[in-house]
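Per-entry structural report
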Amino acid sequence: MIDRRQFFQALGGGLAIFIAREEAPAQQQALPQEIDAWLHIGKDGAITVSTGKVEMGQGARTELTQVVAEELRAPVASITMVMGDTDLTPFDGGTAGSQTTPRMVPQLRKAAATAREMLLDLAAEKWGVDRAALVVSGGKVADPKAGRSAGFGELAEGRKLLKIIDASVPLTPPEQWKVAGTPLAKVNARNIVTGRHRYPSDITRPGMLHGKVLRPAAFGALLVSLDASAAEAMEGVKVVRDGDFAAVAAPTPQAAERAVAALKAEWKTTPQPNRAELFDYLKKNMQGRANPNERGSVEKALAEADTRLRETYTVAYIAHAPLEPRAAVAEWNDGKLTVWTGTQRPFGVRNELMAAFSLPQDRVRVLMPDTGSGYGGKHMGDAAIEAARLARAAGKPVKVVWTRQEEFSWAYFRPAGVIEVASGVRKDGIITAWEFTNYNSGGAGLQIAYDIPNYRIAFQPARSPLRQGSYRALAATANHFARETHIDELAHAAGMDALEFRLKNTQDPRFRAVLEAAAARFGWGKTKPAPGHGFGIAAGWEKGGYVATCVEVAARPGANPKIERVVEAFECGAIINPDNLKNQIEGAILMGLGGALFEAIDFADGRILNARFSRYRVPRFSDVPPIETVMLDRKDLPSAGAGECPIVGIAPAIGNAIFAATGTRLRSLPLVLKGSA
Amino acid sequence: MAMKLELQVNGIWRSVAAEPGSMLLSVLRDQLDLTGTKYGCGEGQCGACTVLVDGQPVRSCITRAEAVAGKSVTTIEGLERDGRLHPLQEAFLGAGAMQCGYCTAGMIVEGVALLRSNSDPNETQIKQGLEGHICRCGTYPRIVAAVRMASLAMREARHD
Ligand code: FES
Ligand code: FES
């Protein structure tokens, strides 16, 4: 809840606009209990905007700055975004699911526009003129006729005005955008290229110790006994044991490593499933019941179809492997816990800390400095809790930075899955039946964008042998892989061109538009692949965006085919920052390439066998094919997020191209041709 | 016990007490608070920790502190001169060659060394030179473009 006095004490006087969580009744003057964001203009003209969203490289800080600059007609440099600090920013459920753009952008546009209108009123009142005669630009309100102007700061000075956003305030239509819609450079890029920006793992506190956790011998292992005497005898070392948790804090990282190595632990392990039995295991260990989404009669349609197809697809567990591993610095002061950590859910981590230490909300603060990425992998507060436990025991701030091996082993993975598809197609190429069951990997991206009269689509949860969680686009990568591979197989069975077949089966204009755009840029149907080469296409929709991907591969004896080129068309409504969007699309394609061709977590006996970059290959410079992106700017549609959708097309497009080049159909991710090294 | 070492860091002689087995990366980050150099893997696989030792790029996560005694170390913080960025830093800004930026310091430091040994690298040479670096965000095409841009700018500046 907002306290007016505290708010202005913290920020100085000025104007403040709040975005209420619930739409407030028109006449209500009281401040809302719950807000989503706020915007403040101080007497120096500085504009501060606060949102619980966080920046992990996806460009939210820049794009949100742009839309505020646009509506407020203020210089970008005058705007500061305060993000991801649970004491300063409004509650937020987490930066995930591509929700920042569709949810936060419209709100901040309205907040900035409300502020702009307020400033106009203040200037009109100050000069005793009609507000229609005034113009706002460059952080000033001007009265061109009288030849005078006043900066925002001057107008805000001496005021303490609070207002709730006006939902009906006029917004600048995207066709008239001057700052939004342009390729503004990342706002804090200079601090990055100079090494000045402090990521969570770079935070230091006075007197800080370094923490290290004793990791169990295997997943699910119980700590039977611990002899900590040798570690405790080391100078300045503090050992903490609490149930199966054992960890040390020491004055230097080296001392912490020595101390943790000196802990003598006995673990009780239980048998754990191995990778070789994974897919069987998932099907044998269903949990709960699938809740299918059905239309028509799949059985009847399958029976009547001219061609039927039934195939199974699998996807491996893969790791997010953000380059900055999990890290946290925790500090206790008079019973209040402050933690700096890299997380997509600062408020979620605050809740985890409140629960772990039985603290009320106002005794925990979580700060999230712009972080070395997440890709859906940094939702949980493990490192934060570890650092806080150690800091409490040691009576000093403690930093915990996971090693790469810890990151690969003790974080969570993109779920593995088995997907079964049965389908039927008529002689004329119309798909009539579609049965699709995803075991374990998740329900995102299950729904089809093809017009199929009879379908049954289901997600069947299962017990996962490994800890699994959110990933860029969640299960949409797996579901698109299975669906778009299967569609390709159907096209082949129906003797139709893969693009023509898709277009024949969808009327969705946005879906068709990306397919046509990608195909046109690629030259689909216009050129023939060279001998040994193959073309593949795949398309999808997810989180309000539409994507189509075309790939050319060249077969290589004894190796996986080489990716010759990638063309991807993407549409996510009105584009806020074309440069950032292109960056996100390219990045998603390249990340998707890893999952398509070589990423897979290997595990046995409750341990990860390839928990290092030397054993878990991620895309590198030499893997990068020429990439062309086609961005369709739909100024008439609301902007959608772009961190996820562009990843879903690449894997099936590669698989389909491999089939075209070699005649071998691959139905497992990663795609590995038999006999390739 | 900790061992006293003298090394020159970004032009300034520093004396540090390095613990046995400690790596240059930890000396820079934990003792000198030069946190621009990053940890990404600790096994020489990702390049995030790259610094120059006597002008040569090294992986500071696997370089023992005592091995750099008496030597000169340049980190990302040492590339800016009198408030002026190195042309490659400028080029990274110009090309928008980052997302989260966590790999950026290592890429720039390696790129600076690459441009010193080859003032006009082509795309293949740039990719080869940077192959040991991971950008998990996948900004590789922009990083290649940034090195090309810097190479051009540096050659033009020389001809002025
Ligand atoms: S941290 Fe040194 S190479 Fe990865
Ligand atoms: S920009 Fe994130 S790792 Fe390169």
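Residues numbered from 1 in each chain as written. Chains lettered and ligands numbered in written order. Predicted model: local features only at pLDDT ≥ 70, side-chain atom pairs only at ≥ 80, totals over all residues. Heavy atoms only, no water.

1. A word on the overall build of chain B
Put simply, the rule reads: Only runs of H or I of at least four residues qualify as helices and only runs of E of at least two qualify as strands under DSSP, and these elements are numbered from the N terminus. Radius of gyration here uses only the C-alpha atoms, and the compact-globule reference equals 2.2 Å multiplied by the residue count raised to the power 0.38. Accessible area is worked out with a 1.4 Å probe on protein chains only. A residue is then buried under 20% of its type maximum, exposed over 50%, and partly exposed in between.
Helix and strand counts for chain B stand at five helices and five strands. Secondary structure elements of chain B, listed N to C terminal, follow the sequence β-β-α-β-β-β-α-α-α-α. Taken over C-alpha atoms, the radius of gyration comes to 16 Å for chain B, in line with the 15 Å a tight globule of 160 residues would show. Each of the three principal axes of chain B carries a C-alpha extent, and together these read 50 × 35 × 25 Å. Counting every position in chain B, which comprises 160 residues, the buried fraction comes to 57%.

2. A closer look at the overall build of chain A
Heads up, the condition is: Note on areas: these come from Shrake-Rupley sampling with a 1.4 Å probe, and a residue is covered only by the protein chains present in the view. Note on charges: Lys and Arg go in the positive column, Asp and Glu in the negative column, and His and the chain ends are not counted at all. To locate a charge, take NZ of a lysine, CZ of an arginine, CG of an aspartate or CD of a glutamate.
Of the regular secondary structure elements, chain A holds 17 helices and 29 strands. Across its three principal axes, chain A shows a C-alpha extent of roughly 80 × 75 × 45 Å. Expressed as a percentage of the 677 residues in chain A, the buried residues total 61%. Approximately 25,700 Å² of chain A is accessible, and the part contributed by carbon and sulfur atoms is 50%. Side-chain charges in chain A split into 82 positive and 73 negative, and the spacing between the mean points of these groups amounts to 2 Å.

3. Structural notes on empty space enclosed by the protein
All names here are of chain A. Operational definition: Within this scheme a cavity is a closed region of a 1 Å grid, computed over the protein atoms alone, that accommodates a 1.4 Å probe without allowing it to escape, whereas a pocket is open but has protein on both sides within 12 Å along at least five of seven lines; lining residues each have an atom within 4 Å of a point. Grid points are joined across faces, edges and corners, and a volume is the space filled by probe spheres set on the points. Each residue is assigned to one class: nonpolar for Ala, Val, Leu, Ile, Met, Phe, Trp, Tyr, Cys and Pro, charged for Asp, Glu, Lys and Arg, and polar for all the others, Gly among them.
Here the structure, examined in full by the defined rule, presents five cavities of 30 Å³ or more. For the largest cavity, the calculated volume is near 80 Å³. Lining of the largest cavity is provided by 14 residues; of these, Arg414, Thr477, Gly592, Ile647 and Ala651 occupy positions nearest its centre. Among the secondary structure elements, those contributing two or more residues to the lining of the largest cavity are α16 (578-597) and α17 (650-662). Class assignment of the residues belonging to the lining of the largest cavity gives a composition of ten nonpolar, three polar and one charged.

4. As for unusual backbone geometry
Here the bond from Leu669(A) into Pro670(A) is cis, since omega is -5°, no more than 30 degrees from zero. Looking at where Pro670(A) falls in the secondary structure, it is placed in the segment after β29 (668-669). The backbone phi angle of Asp54(B) is positive, close to 50°, even though this residue is not glycine. Summarising the element assignment, Asp54(B) is placed in the loop between β3 (50-53) and β4 (56-59). One non-glycine residue, Asp82(B), adopts positive backbone phi at about 50°.

5. What about helix α15 (residues 509-522) of chain A?
Residues and elements named next belong to chain A. For clarity, the cut-off: To estimate how far a helix should reach, multiply one less than its number of residues by 1.5 Å. Here a residue-residue contact requires only that any non-hydrogen atoms of the pair lie within 4.5 Å.
With 14 residues, α15 extends 20 Å from end C-alpha to end C-alpha; this agrees with the ideal 20 Å at 1.5 Å per step. Taken together, the buried positions of α15 are Arg510, Phe511, Val514, Leu515, Ala517, Ala518, Ala519 and Phe522. Packed against the buried residues of α15 are α14 (498-504), β23 (533-542), β24 (545-556), β25 (559-571) and β28 (627-632). Looking one or two residues beyond α15, the residue adopting positive phi is Gly523, at roughly 85°.

6. Focus: the pairing of strand β12 (residues 245-250) of chain A
Two faces belong to every sheet, and in a regular strand the side chains alternate between them. All names here are of chain A. Heads up, the rule is: At least two bridges found by DSSP between two strands are what make those strands a pair.
Counting buried residues in β12 gives six out of six residues, a clear majority hidden from the surface. Covered by surrounding structure in β12 are Phe245, Ala247 and Ala249 together with Ala246, Val248 and Ala250, the residues of both alternating faces. Bridging between strand β9 (residues 209-213) and β12 involves four bridges; their strand directions are antiparallel. When the sheet's bridge partners are listed, Gly211 is paired in β12 with Ala249. As paired strands, strand β11 (residues 238-242) and β12 are joined by five bridges and run antiparallel to one another. Paired with Arg241 across the two strands is Ala246, which belongs to β12. Between β11 and the antiparallel strand that follows it, β12, lie two residues; Gly243 among them carries a positive phi value of about 65°.

7. A few points about the confidence of the model for chain A
If pLDDT is low for a region, its predicted coordinates should not be looked at in detail. Filter applied, for reference: Each residue carries a pLDDT score, the predictor's own confidence in it, on a scale running from 0 to 100.
On average, chain A scores 92 in pLDDT, and the residues at 70 or more come to 96%. Under a pLDDT of 50 for its full length, residues 24-28 of chain A has, in the predicted model, one contact with residues more than four places off or in other chains.

8. As for the environment of Gly158(A)
Residue and element names in this part refer to chain A. One can find Gly158 in the loop between α4 (152-156) and β8 (160-164). Note on Gly158: relative accessible area 80%, which makes it exposed. Between the alpha carbons of Gly158 and Gly14 there is a distance of 6.6 Å; along the sequence they are 144 residues apart.

9. Description of the side chain of Thr35(B)
Inspection of the secondary structure puts Thr35(B) in the loop between α1 (24-31) and β3. Excluding residues within four positions of it along the chain, Thr35(B) makes contact with Arg198(A), Asp202(A), Arg29(B) and Glu77(B).

10. Describing the domain arrangement of chain B
A common way to express how large an interface is: the accessible area buried when the components associate. Residue and element names in this part refer to chain B. Going by this rule: Residue ranges labeled as domains rest on an automatic or database domain assignment. Accessible area that two parts lose when put together, with a 1.4 Å probe and added across both, is what the buried area reports. Whenever a carboxyl oxygen of Asp or Glu lies within 4 Å of a side-chain nitrogen of Lys or Arg, that contact is scored as a salt bridge. Pairs of N or O atoms are called polar contacts if they sit within 3.5 Å, as long as, within protein, a hydrogen donor faces a hydrogen acceptor (for residues adjacent in sequence, only side-chain-to-side-chain pairs).
When its domains are assigned, chain B resolves into domain 1 (3-78) and domain 2 (87-158). Centre-to-centre, using C-alpha coordinates, domain 1 lies 21 Å away from domain 2. Listed as interface residues are 15 residues of domain 1 and, on the opposing side, 13 residues of domain 2. Interface of domain 1 and domain 2: buried area, both sides summed, is about 1,200 Å²; carbon and sulfur atoms make up 60% of it. Where domain 1 touches domain 2, the interface holds one salt bridge. Where Glu110 meets Arg59, a salt bridge forms, and the shortest distance between an N and an O atom there is 2.9 Å. Summed over the shared surface of domain 1 and domain 2, the result is four residue pairs in polar contact (both at pLDDT 80 or more).

11. Regarding the packing of helix α10 (residues 346-357) of chain A against helix α11 (residues 382-394) of chain A
Residue and element names in this part refer to chain A. Note the following rule: For helices, the fitted line uses only the C-alpha atoms of the stretch in contact; every axis is such a line through C-alpha atoms, and the angle between N-to-C directions lies from 0 to 180 degrees. Working rule for angles: under 35 degrees goes down as roughly parallel, over 145 as roughly antiparallel, 65 to 115 as roughly perpendicular, anything else as oblique. Should the near helix be turned anticlockwise from the far one by less than a right angle, the crossing is termed left-handed; should it be turned clockwise, right-handed.
Across the interface, α10 lies against α11 with an axial gap of 10 Å and an inter-helix angle of 40°. In this view, α10 runs oblique relative to α11, as classed from their interaxial angle. Crossing of α10 against α11: the hand is right-handed. Of the residues in α11, those touching α10 at Val349, Glu352, Leu353, Ala356 and Phe357 are Asp382, Ala384, Ile385, Ala388, Arg389 and Arg392.

12. Remarks on the sheet that holds strand β17 (residues 336-341) of chain A
Residues and elements named next belong to chain A. Reading across the sheet, the seven strands line up as β11-β12-β9-β19-β16-β17-β18 and stay open at both edges, with mixed pairing between neighbours. Sheet topology places β11 and β18 (364-367) at the edges, where each strand pairs with a single neighbour. Mean inter-strand twist for the sheet, computed between neighbouring axes without regard to direction, equals 20°. Here α10 sits on the sheet in contact with β16 (327-333), β17 and β18, set at roughly 145° to β18.

13. Here's the deal with the packing of α16(A) against α17(A)
Residues and elements named next belong to chain A. Running from N to C, α16 and α17 cross one another at 55°; their axes reach a closest spacing of 8 Å. On the basis of their axis angle, the class for α16 and α17 is oblique. Classified by chirality, the crossing of α17 by α16 is right-handed. Contact with α16, carried on its side by Ile589, Gly592, Leu593, Ala596 and Leu597, involves Ile650, Ala651 and Ile654 of α17 and no other residues of that element.

14. A look at the packing of aromatic side chains
All names here are of chain A. To be explicit about the condition: Two aromatic rings from Phe, Tyr or Trp, using only the six-membered ring of Trp, form a pair when their centres are within 6.5 Å; if the ring planes differ by under 30 degrees the pair is stacked, by over 60 it is edge-to-face, and anything between is tilted. The criterion is that NZ of a Lys, or CZ of an Arg, lies within 6 Å of the ring centre and within 35 degrees of the ring normal, and then a charge sits over that ring.
Within this structure, the stated rule accounts for 16 aromatic pairs over all chains. Among the aromatic residues, those joined into a cluster by ring pairs are Tyr450, Phe511, Trp541 and Tyr546. It is Arg565 that lies over the ring of Phe522; its NZ or CZ is 3.8 Å from the centre. Taking NZ or CZ as reference, Arg617 lies 3.7 Å from the ring centre of Phe598, over its face.

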